[in-house]
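# Fold and contact review
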Amino acid sequence: MQTSHSKSNVSESVLDIITALQNILARSQVTIPVLETPYSRFPKTDCSTVELEDQSVVNIIAERQQQLDAVLHEISGLEAVMDSVKNFHQQVVEKKEKIMQSMNLHKALVSALRRLPTEILSQIFNYCLPETKLLLPPSTLKAPMVLTRICRRWREVAVGMPNLWCRLYVEVNDRDWERAAFRYDLWFKRSCGRPLSLAFGCYHSTKLRSLLQPYITQITYLRVSVRPFQGGCPQLFVTDFPALQELAILGMTSPDIPTIAQSISRLPSTMRSLKVIDMKPLFDIECLSSFSPVWANLTDVQIAVCHPNGVLHLLRLCPNLSSSTLRIAFDQVEPLESFTHTKLQSLCITCDDLLTRPLSDLFNALSLPNLRALEARRNASWPHEDMKAFLARSKCPLKTLTVTCRVIITDAQREEYVSLIPSLEVIVDHSSRYF
C-alpha cells in the first residue's frame, strides 16, 4: 500500500522526468550535415564522363550510407523513447481517471439526490417510464431496468415499486429462450400481484402457458397479433386469462373472423374493452351477434362494420357502451329503424370514401341523449340538416363536434349548432388522416 509520502515521491519523479525532457529538448537541435559534392550541381552529368578516383562517387555513396545508418539508429532510439513516453502518459491518464472516479464516488455520497426520501425518489422513477402507450420489450437502456443499474439504493427502490413492472412486450423466441423466460419471470414477480398489461410478439403456446401460468389472474390487458399465431392464440387468451378486461387484436383479416368470433364469445365477464386495431376486417350483423354474450359487458369498442345497420345492431348488443370508434364500409340499402342508446358518451365514425349517405342514415335513426363527444371522419359532404335534427332530438350535453378530412362547416352552420347547444365547440380538422 502506497503512503502519502510514497505517492508524493511518485508525483515528484513524474515532474522530474517532464522537466528533464523539456530541458533536453530545449538544448537539442538536429544538425544537417553538408551534403554538397562536385556532382550535386550537375545531376544530369553523363555517367561516362565521371572519373572514379579516391574521392569518387562510390566513396560518397558509402559515406552517405554511414550517415543514413546513423540517422536510422537515432530515429529508432527516439521512437523507443516516444513509446515509453506514450506508455508513461497512459499510466498518468489512468491515474487521473481513478482519481476522478474516487472523487465522483465521494461527491455522490454527499449529493442531495442521495438524501432524497424514498417517497420522492419513487415519484421521480414513475416519471422515468417511457411516455408511450405501446408496450416495450425489456431494455437495460430504459426505465425501469436502467434504474436498477445506477447504485444499490436505486436498485432497491426500483425493485420495490410494483407499478414499474406492470407493462411488458413479450417476444417468444427459440434462441436463448430459457434466459429470456428467466428475465420475464423476474419482471412479473416484481409486479407483486398488480394488474399486468402485456403484448405478445411471436407465439408458442407451450412456452407462453408455462411462463404466464403463475400470473394469469393478474393479466387485465392483452394485445395480440393474429397472423403469427396461425390459429393458436384464441385458445390461449380465452381460456387462460380469467381476469382479462381489455383485448386489442392486431393483424386480423376477414378469414379470421369465424375463429376469433368463437373465441371472443368465450371471453370472461370481466371484459370491458375490445379493439380491432387496424379496422380492416368488416363485421356484418351475423358476425357481431356471434360475439355474444361478451358485448353486454363492454364499455369501449373499436371495430369496422359493413353497413350503418351494423352500427345500430352493435349499440343494441352493447347496452353499457360509453365510447366507440367505428368504421363503416358500405351504404345502407334498407331503411334503418330508430334506436336510442342512453349511455354512449363518445362516438367516432369513419366512413369509406365511396359512401354517400351513411352519416345521414345514422343521424336520422339514432338518438344519443348522453353523448358528449362526436367525431366524424369522411370525405363526402356534411349532412348539416340531419345533424341539426339529431342534436335537437337527442338533447345531449355535447361538448365537442369534430369533423375531419375535406368536410367544410360554414360559420352559419356552426352558429345553428351552437344555438341548439350553447356550450358546443365545433372543430374542423383538415390535417387529420384516415386512421
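Calculation notes
- Residues numbered from 1 in each chain as written.
- Predicted model: local features only at pLDDT ≥ 70, side-chain atom pairs only at ≥ 80, totals over all residues.
- Heavy atoms only, no water.
- Helix = DSSP H or I, 4+ residues; strand = E, 2+ residues; numbered from the N terminus.
- Buried < 20%, exposed > 50% of the residue type's maximum accessible area, 1.4 Å probe, protein only.
- Contact = heavy atoms within 4.5 Å.
- Areas by Shrake-Rupley, 256 points an atom, 1.4 Å probe, with all protein chains shown as cover.
- Core = buried A, V, L, I, M, F, W, Y, C linked by side-chain atoms within 4.5 Å.
- Pairing = 2+ DSSP bridges.
- Axes fitted to C-alpha atoms, helices over the stretch in contact; angles between N-to-C directions.
- Patch = residues over 30% accessible without salt bridge, like charges linked within 9 Å, V, L, I, M, F, W, Y side chains within 5 Å.
- Salt bridge = Lys/Arg side-chain N within 4 Å of Asp/Glu carboxyl O.
- Phe/Tyr/Trp six-rings, centres within 6.5 Å; stacked < 30°, edge-to-face > 60°.
- Lys NZ or Arg CZ within 6 Å of the ring centre and 35° of its normal.
- Expected span 1.5 Å × (residues − 1).
- Parallel < 35°, antiparallel > 145°, perpendicular 65-115°, else oblique.
- Nonpolar A, V, L, I, M, F, W, Y, C, P; charged D, E, K, R; others polar.

Counting its secondary structure elements, the chain contains 14 helices and 13 strands. Within the span of the chain, comprising 435 residues, buried residues form 37% of the whole. Contacts in the chain between residues at least 24 apart in sequence constitute 67% of all its contacts with a sequence separation of at least 6. Approximately 25900 Å² of the chain is accessible, and the part contributed by carbon and sulfur atoms is 56%.

This paragraph deals with the nonpolar core. A general trend in soluble globular proteins is that nonpolar side chains are found buried together. In this structure, Phe-188, Trp-295, Ile-303, Trp-382, Met-387 and Leu-398 are the most contacted members of the largest nonpolar core, which totals 93 residues. The contact partners of Ile-303, leaving out residues within four places of it in the chain, are Val-276, Met-279, Phe-283, Leu-288, Phe-291, Trp-295, Leu-314, Thr-325, Leu-326 and Arg-327.

Now for the side chain of Thr-402. Among the secondary structure elements, Thr-402 is positioned in strand 12 (residues 400–404). Classification of Thr-402 as buried rests on a relative accessible area of 14%. Those residues in contact with Thr-402 that sit more than four places away from it in its chain are Leu-374, Glu-375, Ala-376 and Ile-427.

What links the strands of a sheet is backbone hydrogen bonding, and the strands pair in either a parallel or an antiparallel sense. Strand order in the open sheet made by the 11 strands is 1-2-3-4-5-6-7-9-11-12-13, with parallel pairing throughout. Each end of this open sheet is capped by a strand with a single partner; those strands are strand 1 (167–170) and strand 13 (425–429). Along the sheet, successive strands turn relative to each other by an average axial angle of 10 degrees, direction set aside. Where strand 11 (residues 373–377) lies against strand 12, 5 bridges are found, and the strand directions are parallel. Residue pairing across strands places Arg-377 opposite Thr-404, the latter belonging to strand 12.

Nonpolar side chains collect at one region of the surface, where Ile-17, Leu-21, Leu-25, Val-81 and Val-85 lie side by side and expose about 420 Å² of accessible area between them. Elements that contribute at least two residues to the nonpolar patch include exactly helix 1 (4–27) and helix 2 (57–109). Topologically, Leu-25 is positioned in helix 1. Looking at Leu-25, the relative accessible area reads 64%, which means it is exposed.

With that out of the way, let us pick up the packing of aromatic side chains. For the structure shown, the criterion picks out 8 aromatic pairs. Judged by centre distance (6.1 Å) and plane angle (70 degrees), the rings of Phe-363 and Trp-382 are edge-to-face. Of this pair, Phe-363 sits in helix 12 (residues 358–365) while Trp-382 sits in the loop between strand 11 and helix 13 (384–394), placing them 19 residues apart in sequence. In terms of burial, Phe-363 and Trp-382 fall into one category: buried. The structure contains a cluster of three or more aromatic residues connected by ring pairs, namely Phe-283, Phe-291 and Trp-295. Cation over ring: Arg-183 sits above Tyr-184, and NZ or CZ is 5.7 Å from the ring centre.

Taking 1.5 Å of rise per residue, 14 residues should cover 20 Å, and helix 5 (residues 177–190) covers 20 Å from first to last C-alpha, within 8% of that figure. Trp-177, Ala-180, Ala-181, Tyr-184, Asp-185, Trp-187, Phe-188 and Arg-190 are the residues of helix 5 that are buried. Where helix 5 ends, the next residue or the one after it, Cys-192, has phi of about 50 degrees, a positive value.

What follows covers the pairing of strand 1. Residues Leu-168 and Val-170 line the buried face of strand 1, whereas the alternating positions Arg-167 and Tyr-169 sit on a face that is not buried. In this sheet, strand 2 (residues 196–200) lies alongside strand 1 in parallel orientation, the contact comprising 4 bridges. Paired with Tyr-169 across the bridge in strand 2 is Ala-199.

This paragraph deals with the pairing of strand 12. Regular strands place side chains that alternate from one sheet face to the opposite one. With 4 of 5 residues buried, strand 12 is to be regarded as a mostly interior element. By the bridge criterion, 5 bridges tie strand 12 to strand 13 in an arrangement that is parallel. Following the sheet pairing, Thr-400 is matched in strand 13 by Glu-425.

Okay, the packing of helix 3 (residues 118–128) against helix 4 (residues 152–159) next. One way to put it is that helix 3 packs onto helix 4 with a least axis distance of 10 Å and a crossing angle of 75 degrees. Overall, the two elements helix 3 and helix 4 adopt an arrangement that is roughly perpendicular. Contact with helix 3, carried on its side by Thr-118, Leu-121, Ser-122 and Phe-125, involves Arg-153, Trp-154, Val-157 and Ala-158 of helix 4 and no other residues of that element. Its residues placed into classes, the contact of helix 3 with helix 4 shows 5 nonpolar, 2 polar and 1 charged.

At the junction of Ala-143 and Pro-144, the peptide bond is cis and its omega measures out at 5 degrees in the coordinates. Looking at the secondary structure, you find Pro-144 in the loop between helix 3 and helix 4. Pro-293 follows Ser-292 through a cis peptide bond whose omega is 10 degrees. In this structure, Cys-192 takes a positive phi of about 50 degrees despite not being glycine. As for its position among the elements, Cys-192 is in the loop between helix 5 and strand 2. A residue is classified by how much of its surface remains accessible, and Cys-192, at 54% relative accessible area, is exposed. In this structure, Lys-395 is a non-glycine residue whose phi angle is positive, near 50 degrees. Looking at the secondary structure, you find Lys-395 in the loop between helix 13 and strand 12.

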